[in-house]
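# Residue-level structural notes
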Amino acid sequence: MAVPRLTASMALPVPRTAALAPAPASSSLSRRATRLLPVFEGLRRCTRLPGVSFATSSRAVRRGAVVCEAPETTTGLPDVSKATWQSLVMDSDVPVLVDFWAPWCGPCRMIEPTIVKLAKVYEGKLRCYKLNTDENPDITTQYGIRSIPTMMIFKNGEKKDAVIGAVPESTLIISIEKFVAR
């Protein structure tokens, strides 16, 4: 199977490059010339994934598993918990959007960057927090959360609206605009 060659006009800009060490003679890479690969800061090749069995971990490493060494850069919403619920959500002087989520929920992780983006757009007019439903079952039950992700908007200490599921950004904007002062 032939690998198409990249031309200068097709290449994507990368911050830095590093030469790939020549592969062993038995490797399929030995037939190819040494190439330049992108190098990214904050990433490393994982030799063993934490919390994963050896068999699964070794397969992932053979496939080239990469681990982010800076997980705080991937999350942008501050957490709210039972201890901080009253002060951050109920006593807020501006509307608050609370993302009810769980770490194991794929759609929850998919929609978080959208909420982070909206938090920046509505900075000063809306506060956004995330509440882990596994760690805060009391609040989850109090507001009848049966499906995640659920985004609820609170204003003056009252629940005003809820959006359930990983919805498009436009759906969240419509809901937010009802309660944000223009």
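Analysis parameters
Residues numbered from 1 in each chain as written. Predicted model: local features only at pLDDT ≥ 70, side-chain atom pairs only at ≥ 80, totals over all residues. Heavy atoms only, no water. Pairing = 2+ DSSP bridges. Helix = DSSP H or I, 4+ residues; strand = E, 2+ residues; numbered from the N terminus. Axes fitted to C-alpha atoms, helices over the stretch in contact; angles between N-to-C directions. Contact = heavy atoms within 4.5 Å. Parallel < 35°, antiparallel > 145°, perpendicular 65-115°, else oblique. Left-handed = near helix turned anticlockwise from the far one by under 90°. Nonpolar A, V, L, I, M, F, W, Y, C, P; charged D, E, K, R; others polar. Disulfide = S-S within 2.5 Å. Buried < 20%, exposed > 50% of the residue type's maximum accessible area, 1.4 Å probe, protein only. Core = buried A, V, L, I, M, F, W, Y, C linked by side-chain atoms within 4.5 Å.

Quick look at the sheet that holds strand S8 (residues 158-164) now. Overall, mixed pairing links the 4 strands, which are arranged S6-S5-S7-S8 in an open sheet. The outermost strands of the open sheet, each flanked by one partner alone, are strand S6 (127-132) and S8. On average, each strand axis in the sheet is inclined to that of its neighbour by 25°, with strand direction left out of account. Across the sheet, helix H3 (residues 106-121) touches strand S5 (96-101), S6 and strand S7 (150-155), and the angle it forms with S5 is around 165°.

Between H3 and helix H5 (residues 169-177), whose axes approach to 10 Å, the crossing angle comes to 40°. Relative to H5, the element H3 lies oblique. Once H3 is placed against H5, the crossing between them reads as right-handed. Here Ile111, Thr114, Ile115, Lys117 and Leu118 of H3 come into contact with H5, specifically with Glu169, Leu172, Ile173 and Ile176. Residues that form the contact of H3 with H5 fall into these classes: 6 nonpolar, 1 polar and 2 charged.

Turning next to the state of the cysteines. A full pass over the atoms with the stated rule returns 1 disulfide. Across the disulfide from Cys105 sits Cys108; the S-S distance is 2.4 Å. Looking down the S-S bond of the Cys105 and Cys108 bridge, the torsion is 80°, so its handedness is right-handed. As far as the burial class goes, Cys105 and Cys108 line up, both buried.

All right, on to the nonpolar core then. In this structure, Trp85, Val89, Val98, Phe100 and Tyr143 are the most contacted members of the largest nonpolar core, which totals 19 residues. Of all the secondary structure elements, the ones that give two or more residues to this core are helix H2 (85-90), S5, S6 and S7. At 4 residues, S5 tops the list of elements feeding residues into this core. Discounting residues that sit within four places of it in the chain, Tyr143 has contacts with Trp85, Met90, Met152, Phe154 and Lys159.

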